[in-house]
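Breakdown of the fold
Listed below are the residues making up each chain.
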Amino acid sequence: MQRTEWDVIIVGGGSAGLSAALMLGRSRRRVLVVDGSEPRNRFSAHMHGVLGHDHSSPLDLLAAGRAELTRYHDVAVESGTVASASPLDTDDIGFEVVLESGERHTARRMLLATGLRDELPDIPGLTEQWGRNAALCPYCDGWEVRDRRIAVIATDATNAHQAQLMRQLSPHVTFYTQGVNLPDAARVGLEARGIAIESRTVVEVVGDETGDLRGIRLDDGTEDEADSIFVAPRPVPNDRLLRQLRARTIRQNGVDWVLVDASGRTNVPGLWAAGNIATAQSSVPVAMAAGNLAGSGINADLVEEDIREAIAAAQRDDG
Ligand SMILES: Cc1cc2nc3c(=O)[nH]c(=O)nc-3n(C[C@H](O)[C@H](O)[C@H](O)COP(=O)(O)OP(=O)(O)OC[C@H]3O[C@@H](n4cnc5c(N)ncnc54)[C@H](O)[C@@H]3O)c2cc1C
């Protein structure tokens, strides 16, 4: 078998990637993590719902994870972006990656933990508030705005559920339909819980002189005051490398998600995917768990290969 430089290359050093690196480092595997340092929640000063780290900085968590990995001498974490990945040109399972810098690395296995990008509704001023006063997840950012004036801006009818979750936290919720056709059951439910339904179109999110949120401008020029906005961006997996490697996907709600088993194994031999790249339903703890499972799954797969090679070597010696 060709000697690769690394046992495992992990692309993406967010919660999923670093968690996998920890498991593999503890298994004495030679691991390279390449990370572009743009975790999905980098726009937020605080993260929530992460046991032991509630209301702490998401970037501090990742910095602590990187620091912990320095205990494991065969793990290297490098800043950079992987531009391409291809299977090794041999009979062995393995991969070669090329970084944007031109650097090349080979490994026996690869984990993609590259996360996703949030494509926000095209409303001027919304991007500036993202992660500050505009959010997606009631569990991550809802409690901080309890009892405040909440604007839920729809992209489709399922946002009515988001409005109902926010109603759990505040009696002052307005649901902006943005022309979405609301099923009767959703409308009745919103009205029953005192959620205002606004059918005029939101044309702008308005900030104050400090850049904080002031309100929401409607198409007739009216400005509604709001303390917080909730929207549902379209999730766009960072899956360029998965596509290059032709990993199988499944279409759900208009998005192609990589097909993985419970440990994150894809249909491409030797290739795993974990965290937000594989599902929109990921929080930091869920991404960590997925990385943890992928790390142990990859190590078990390598152990199987090591056994096969040891047997083949013993047979060669006997022969
Ligand atoms: C505004 C906001 C607030 C949130 N708040 C919370 C919260 O309070 N609590 C919570 O639990 N969850 C929260 N989340 C969700 C959380 O961000 C994700 O669940 C989590 O980041 C997923 O981890 P991940 O490792 O899969 O991906 P990420 O954390 O996104 O990490 C992916 C990493 O891969 C890197 N990468 C991508 N492509 C490449 C490449 N080609 N080469 C090298 N590196 C690459 C990126 O730069 C990035 O560093 C929030 C999300 C958003 C958008």
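The structure we're discussing is the one just above.
About the cut-offs
- Residues numbered from 1 in each chain as written.
- Predicted model: local features only at pLDDT ≥ 70, side-chain atom pairs only at ≥ 80, totals over all residues.
- Heavy atoms only, no water.
- Helix = DSSP H or I, 4+ residues; strand = E, 2+ residues; numbered from the N terminus.
- Buried < 20%, exposed > 50% of the residue type's maximum accessible area, 1.4 Å probe, protein only.
- Core = buried A, V, L, I, M, F, W, Y, C linked by side-chain atoms within 4.5 Å.
- Contact = heavy atoms within 4.5 Å.
- Pairing = 2+ DSSP bridges.
- Phe/Tyr/Trp six-rings, centres within 6.5 Å; stacked < 30°, edge-to-face > 60°.
- Lys NZ or Arg CZ within 6 Å of the ring centre and 35° of its normal.
- Right-handed = clockwise from strand over helix to strand, strands pointing away.
- Near = heavy atom within 4 Å.
- Polar contact = N/O pair within 3.5 Å; in protein donor to acceptor, adjacent residues only side chain to side chain.
- Areas by Shrake-Rupley, 256 points an atom, 1.4 Å probe, with all protein chains shown as cover.
- Nonpolar A, V, L, I, M, F, W, Y, C, P; charged D, E, K, R; others polar.
- Domains from an automatic or database assignment.

**Observations regarding unusual backbone geometry**
- For His 55, which is not glycine, the phi dihedral falls at a positive 65°.
- Here His 55 shows up in the loop between β2 (31–35) and α2 (58–69).
- For His 55, a relative accessible area of 42% puts it in the partly exposed group.
- With a phi close to 60°, Arg 246 is a non-glycine residue in the positive phi region.
- By the element assignment, Arg 246 lies in the loop between α7 (240–244) and β17 (249–252).

**Some remarks on the nonpolar core**
- Counting 23 residues, the largest nonpolar core has Ile 9, Met 110, Leu 112 and Leu 271 as its most contacted members.
- Taken together, the elements giving at least two residues each to this core come down to β1 (6–11), β2, β4 (82–87), β5 (95–99), β6 (104–112), α7 and β19 (271–273).
- Excluding residues within four positions of it along the chain, Ile 9 makes contact with Leu 32, Val 97, His 105, Thr 106, Ala 107, Arg 109, Met 110 and Leu 111.
- Among the nonpolar cores identified, the runner-up in size contains 21 residues, and Ala 20, Leu 24, Val 33 and Leu 111 belong to it.

**Overview of the sheet that holds strand β11 (residues 196–198)**
- One open sheet accounts for 5 strands, arranged β8-β15-β9-β10-β11; its pairing is parallel. Unpaired on one side and paired on the other, β8 (134–135) and β11 mark the two borders of the sheet.
- In the sheet, strand β10 (residues 173–176) pairs with β11 via 3 bridges, with the strands oriented parallel. Residue Phe 175 lies in a different strand from β11, and its bridge partner there is Ile 197.

**What about the packing of aromatic side chains?**
- With the rule as written, the count across this model stands at 0 aromatic pairs.
- It is Arg 146 that lies over the ring of Trp 143; its NZ or CZ is 3.5 Å from the centre.

**As for the pairing of β1**
- In terms of residue burial, β1 counts as a mostly covered element, since 6 of its 6 residues are buried.
- The pairing of β1 with β6 spans 5 bridges and is parallel. Within β6, the position partnered with Trp 6 by the bridge is Ala 107.
- Where β1 and β2 come together, 4 bridges link them in parallel fashion. Its bridge partner being in β2, Ile 10 is matched across the sheet by Val 33.
- As for the winding sense of the linkage, the β-α-β connection from β1 through helix α1 (residues 15–25) to β2 is right-handed.

**Side note on the pairing of strand β3 (residues 75–79)**
- In the sheet, β2 pairs with β3 via 5 bridges, with the strands oriented parallel. Bridge pairing in β3 links Val 33 to Val 77.
- Of the crossover connections in this fold, the one passing from β2 over α2 to the parallel β3 is right-handed.

**A few points about the site of the ligand**
- The environment of the ligand is formed by 34 residues, the closest being Asp 35, His 48, Asn 276, Ser 282 and Val 284.
- Take Ser 15: an N or O atom from its main chain is 3.2 Å from an oxygen atom of the ligand.
- Protein coverage of the free-state accessible area of the ligand, which is 1000 Å², stands at 94%.
- Among the elements of the structure, α1, β2 and α8 (284–318) are those that each provide at least two residues to the shell around the ligand.
- In terms of residue count, the dominant contributor to the shell around the ligand is α8 (3 residues).
- When the residues that make up the shell around the ligand are grouped by side-chain class, the tally is 13 nonpolar, 17 polar and 4 charged.
- For the shell around the ligand, the domains that each give at least three residues are domain 1 (6–118 + 234–318) and domain 2 (121–230).

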